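Chain residues, written in single-letter form:
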Amino acid sequence: LVFDQVPGPADLLARLKIPTSPPKGPCAVNCESAAGVRAYTTGAAIDESTVFEYEGRFFKNQEHVVRVGEFSFRNPPVFVQRADLRVRDALAEVESLLDHLFRHPNTPVFFARLLIQRLVTSNPSPRYIADVAEAFRSGTYAAPDPQQTASDVAAAPAATSGPYGDLAATVLAVLLHDEARGGGGEGEASPETSGALREPLLKVVHFLRAMEYVDDTGREVSLRDLSEVIGQFPYMSPSVFNYYLPDYKPDRFADGLAAPEFEIFTTPTAMSFLNGMMSLIQRGLGTCDDGFGMWSPNCKNGQLMLEDPGNATEALAELDILLTGGRLSSREAIRKAYETAEEGEGFKAAQKAIIMTPEFHTLGEPLAAGPREHVAPEPVEEPRSYRAAVMLFFGGGADTFNMLVPLNCPLYEEYMQVRTDVALLPQQLHSVTTTGQACSEFGIHPELSFIKELYDQKQAAFVSNVGALVEPLTKTQFKNGGASRCVGLFSHSDQQQAAQTLKCQISGASPKGAGGRLADALGTGAQKYRTTSFTVAGTATWSQGFDTRAEVVDQTQGSVRFQEYQQLQTVISNITSVKHGNVYCEEYSKVLEEAIHSSETLGNVLDNVELKTAFEASSSLEKQLKQVARLIAAREERKAERDFFFVSLGGFDTHRSVAKELAGKFKEVDSALRMFVTELKAQGIFDSTVLVTHSDFGRTLTPNSGAGTDHAWAGNHIVLGGDLKGGSVFNEFPKALLEGNDQDAGRGRLIPKYPWESMMVPISEWMGLDRGQHADVFPNLANFNASHILNRAALFRS
């Protein structure tokens, strides 16, 4: 029993969490109230059988509380009875959870911030977020009038009046708030940090509408799949986390500032966007010259119908309003493009120039602040030696306890018992032997036949029982406290960052990536190696250092070059030479300049590369590793000494059908690695290359009801290379696999005995890291002793 009289709405919502169906009997108390709480009783008194109604929702007058000593917590509502499973009960439980999440006090704030980010600015002030959240809670919003006094505002009727979560009120609050209309007042974001980088697809649609695009046959606009071109396309989000993360921060941004859209504004996507827009302006919407449209025999399905006013002044004024909202600062550069173009091409030239300006790509006041200084590159000396490290990331959390299986020992019986219908049989596995383990024989997944070959050649090894750790952690400490833990355990986004930063006690990418930090250290160490970091899988934390900026390479083309660079070189120089006070305009200009320079420089190098083997890549991972092989082949022309490469394969989040899904993924991995290693051996560079795998986390040893496995922790991973002392399973494989064992955090989630550093420290030393720089690259290393970290001499021959 919670209440013995009818509560007010606030008290009811704070205490009652168990919903119920509408009572069969009539209302008994407070029945005439339109906005208050009504009561349905079976007798005269309000007791535990009473049902309260508020805003069309019905609640039991009950709460379930668990008390442990001085602590207590509420039990979640449970409808499903294991002895009597019914669909109705399952639906009721899901509805209850959805109601709980919708009504959670964090929901209005969370929703308000994301909606403001999408529609107005990436870094709204706390006041802005609070005002929008209140509109979500109350369902009302009255737009402020600058001419009104405070008493006038208080007396004015609400612009909208709806229920909790009313989107009309919420969107009004987002768009009509002071901060959305200029802001800069007390408690509001400054003009320097107000605004955002616009999403690429919105820029395409905006341009089509503003320039009055018309299809030749009267059809709706048809675009080809642009997800791999500009980084975005409807219904093609690469994961449940959208196209980019809401807290993504470019490296040059101050701490606390986010710019989510910059995560997909990379060199390949920036150049592809410009190529597609140039094709649209010059030819119309089609596929020619890397256009965004569908195929057409004459290269276009439609064209832009906005007419040239006939003179530069009017054309510039119209384009400024239509494309930048009157914010254009590089007016003379656009005017010059119009006036110096060939006869009849001035309007197109102005369109091409204006779509490269920061004002077209961003929201907010540009705050132009004079010319930007350019730093001349330093001369590069001839390389001394070369080594490369490749990180292959299994996105989604790979089930690596079916990648490496103990065989012909008591531990295999435990494996069969705990894995039940997802277990692999001995005859399915590739048998290999090792020393120093409780089991001398292990089985490799049947689709990893090439890994088996490399293992037998002692050019591949497994590192077992690893995962994200701050410090050694026992089962008792995990359950009772007493040791530091990673934030966001079992969460994809948190643990992907944990595996890439190796500083899992801090959420996000602020510690930078382990690969990037290693590149930093090698560049400043005793040898001062020339280091370069590449990612062929889009923006990746692992590749980024404090000083090392990762170069993003396209998996298909390698270097995507701006096709009209030569013709528009002067325009580009004029646009990018202007410094801006607004952080989004300034970052856009810098990224554009860097992207054009990088694509031209790298493109010139890769144009001369000829691989030693056919390397006929078809899958995503094959394409990524082919680009890595091309970059390695160009090492001498690039004058490279230490290279870092990040490649990734997603789809390992196998909550269903793990056997089928894992087989497909490992088949793709095996094929890609076969092509890659064969090419490196043909180049004679395999001895100078090491490849290592990581993943978000391992998966539960116990399967779920859908023949899948769920988020867990510890896993087993691959290291391969020509200089490796392979043919071994390193680190102590878990001594027990049954539920309840000393590493079991519950449901077969094994707590890792060894950190990711176990394998990364010897790799970093092999790459040339001085021992005195360990702390710079591995901030948690001092928390572990020598038994947790592999010795370089144990893993490598040299």
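## Some remarks on the pattern of salt bridges
Inference 1: Evaluated as defined, the whole model comprises 40 salt bridges.
Inference 2: For the salt bridge of E134 with R137, the shortest nitrogen-to-oxygen distance reads 3.5 Å. Of this pair, E134 and R137 both sit in helix α4 (residues 126-138), three residues apart, which is roughly one turn of the helix.
Inference 3: D399 is the salt-bridge partner of R419, the closest N and O atoms lying 2.8 Å from each other. With R419 in helix α13 (residues 410-419) and D399 in the loop between β13 (387-394) and β14 (404-407), this pair connects stretches of sequence that are 20 residues apart. Both residues of the pair, R419 and D399, count as buried.
Inference 4: A network of salt bridges, in which partner residues are shared, links D84, R86, R88 and D89.

## Observations concerning the packing of helix α7 (residues 200-210) against helix α8 (residues 267-282)
Inference 1: Running from N to C, α7 and α8 point in directions that differ by 10 degrees, and their axes come no closer than 12 Å. By the angle between their axes, α7 is roughly parallel relative to α8. Note on element contacts: α8 touches α7 through F273, M277, L280 and I281, opposite P200, K203, V204, F207 and L208.
Inference 2: Looking at the contact of α7 with α8 residue by residue, the classes come out as eight nonpolar, no polar and one charged.

## What about the pairing of strand β18 (residues 531-535)?
Inference 1: Most of β18 sits out of view: five of its five residues are buried.
Inference 2: Sheet topology note: the β18/strand β21 (residues 642-649) ladder contains five bridges and is parallel. Residue pairing in the sheet places F534 in a bridge with F645 of β21.

## What about the state of the cysteines?
Inference 1: One pass over the structure, following the stated rule, counts four disulfides.
Inference 2: Here C27 is linked by a disulfide to C31, with a sulfur-sulfur distance of 2.1 Å. Residues C27 and C31 share a disulfide whose torsion about the S-S bond is about -100 degrees; that sign makes it left-handed.
Inference 3: A residue is classified by how much of its surface remains accessible, and C31, at 23% relative accessible area, is partly exposed.
Inference 4: In this model C288 forms its disulfide with C299; the gap between the sulfur atoms is 1.6 Å. Measuring handedness by torsion sign, the sulfur bridge of C288 and C299 sits at about -60 degrees and is left-handed. Note that C288 is positioned in the loop between α8 and β10 (302-304) and C299 in the loop between α8 and β10, a separation of eleven residues in sequence.
Inference 5: Under the relative-accessibility criterion, C299 is labelled buried at 16%.

## Concerning the confidence of the model for the protein chain
Inference 1: Here the protein chain averages 93 in pLDDT, while 97% of its residues score no lower than 70.
Inference 2: Scored below 50 in pLDDT, residues 148-158 makes five contacts in the model with residues more than four places away or belonging to other chains.

## Let's talk about helix α18 (residues 565-576)
Inference 1: Between the first and last C-alpha of α18 there are merely 14 Å, a value that for twelve residues lags more than 12% behind the 16 Å anticipated at 1.5 Å per step.
Inference 2: Of all the residues in α18, the buried ones are Y565, L568, V571, I572, I575 and T576. Along α18, the residues classed as buried sweep out an arc of 125 degrees about the axis, all on the same side. Away from its buried face by more than 90 degrees, α18 exposes Q566 and T570.

## Some remarks on the sheet that holds strand β1 (residues 38-40)
Inference 1: Within the open sheet, the three strands sit side by side as β1-β2-β3. Their pairing is antiparallel. Here the strands that pair on one side only, and so sit at the sheet edges, are β1 and β3 (57-60). If you compare each strand with its neighbour and ignore which way they point, the axes differ by 30 degrees on average.
Inference 2: Pairing analysis gives four bridges linking strand β2 (residues 51-54) to β3, with the strands arranged antiparallel. In the sheet register, Y54 faces β3, and the bridge partner there is R57.

## Some words on the packing of α4 against helix α6 (residues 167-176)
Inference 1: Packing of α4 against α6 brings their axes to within 7 Å, and their N-to-C directions diverge by 160 degrees. Regarding the angle of α4 to α6, the classification is roughly antiparallel. In terms of crossing hand, the pair formed by α4 and α6 is right-handed. Residue-level inspection shows Y128, D131, V132, A135 and F136 of α4 in contact with α6, the latter providing A169, T170, A173 and V174.
Inference 2: For the contact of α4 with α6, the class distribution of residues is seven nonpolar, one polar and one charged.

## Considerations on the nonpolar core
Inference 1: Within the largest apolar cluster, 71 residues are counted, with the highest numbers of intra-cluster contacts made by F462, L625, I632, F645, L673, F676 and L720.
Inference 2: Ranked by residues supplied to this core, first place goes to helix α22 (residues 658-683) with nine residues.
Inference 3: Those residues in contact with L625 that lie beyond four places of it in its chain are V390, F615, V647, A672, L673, F676 and L691.

## Quick notes on the sheet that holds β14
Within a beta sheet, neighbouring strands are joined by backbone hydrogen bonds and run either parallel or antiparallel to one another.
Inference 1: If you walk across this open sheet you meet the three strands as β14-β16-β15, and the pairing is antiparallel. Here the strands that pair on one side only, and so sit at the sheet edges, are β14 and β15 (430-433). Direction aside, the axes of adjacent strands within the sheet are offset by 35 degrees on average.
Inference 2: By the bridge criterion, four bridges tie β14 to strand β16 (residues 441-444) in an arrangement that is antiparallel. By the bridge assignment for β16, P406 is matched with F442.
Inference 3: Across the sheet, helix α14 (residues 449-456) is in contact with β15 and β16; its angle to β15 comes to roughly 20 degrees.

## Things to note about unusual backbone geometry
Inference 1: Unusually for a residue other than glycine, L367 sits at a positive phi of about 55 degrees.
Inference 2: Along the polypeptide, L367 turns up in the loop between β11 (362-363) and β12 (368-371).
Inference 3: Notably, K528 is not glycine yet its phi reads approximately 45 degrees, a positive angle.
Inference 4: Mapping K528 onto the fold places it in the loop between α17 (514-524) and β18.

## Considering empty space enclosed by the protein
Inference 1: Within the structure shown, the criterion is met by five cavities of 30 Å³ or more.
Inference 2: Here the largest cavity defines a volume of roughly 70 Å³.
Inference 3: As for the largest cavity, its lining consists of L197, R198, P200, K203, I230, E261, I264, F265, T269, A270 and F273.
Inference 4: Every element with two or more residues in the lining of the largest cavity is listed here: α7 and α8.

The rules we used
- Residues numbered from 1 in each chain as written.
- Predicted model: local features only at pLDDT ≥ 70, side-chain atom pairs only at ≥ 80, totals over all residues.
- Heavy atoms only, no water.
- Salt bridge = Lys/Arg side-chain N within 4 Å of Asp/Glu carboxyl O.
- Helix = DSSP H or I, 4+ residues; strand = E, 2+ residues; numbered from the N terminus.
- Buried < 20%, exposed > 50% of the residue type's maximum accessible area, 1.4 Å probe, protein only.
- Axes fitted to C-alpha atoms, helices over the stretch in contact; angles between N-to-C directions.
- Parallel < 35°, antiparallel > 145°, perpendicular 65-115°, else oblique.
- Contact = heavy atoms within 4.5 Å.
- Nonpolar A, V, L, I, M, F, W, Y, C, P; charged D, E, K, R; others polar.
- Pairing = 2+ DSSP bridges.
- Disulfide = S-S within 2.5 Å.
- pLDDT = per-residue confidence, 0-100.
- Expected span 1.5 Å × (residues − 1).
- Arc of directions from axis to C-beta.
- Left-handed = near helix turned anticlockwise from the far one by under 90°.
- Core = buried A, V, L, I, M, F, W, Y, C linked by side-chain atoms within 4.5 Å.
- 1 Å grid on protein atoms, 1.4 Å probe; cavity = no way out; pocket = protein on both sides within 12 Å on 5 of 7 lines; lining within 4 Å.
- Points joined across faces, edges and corners; volume = space filled by probe spheres on them.

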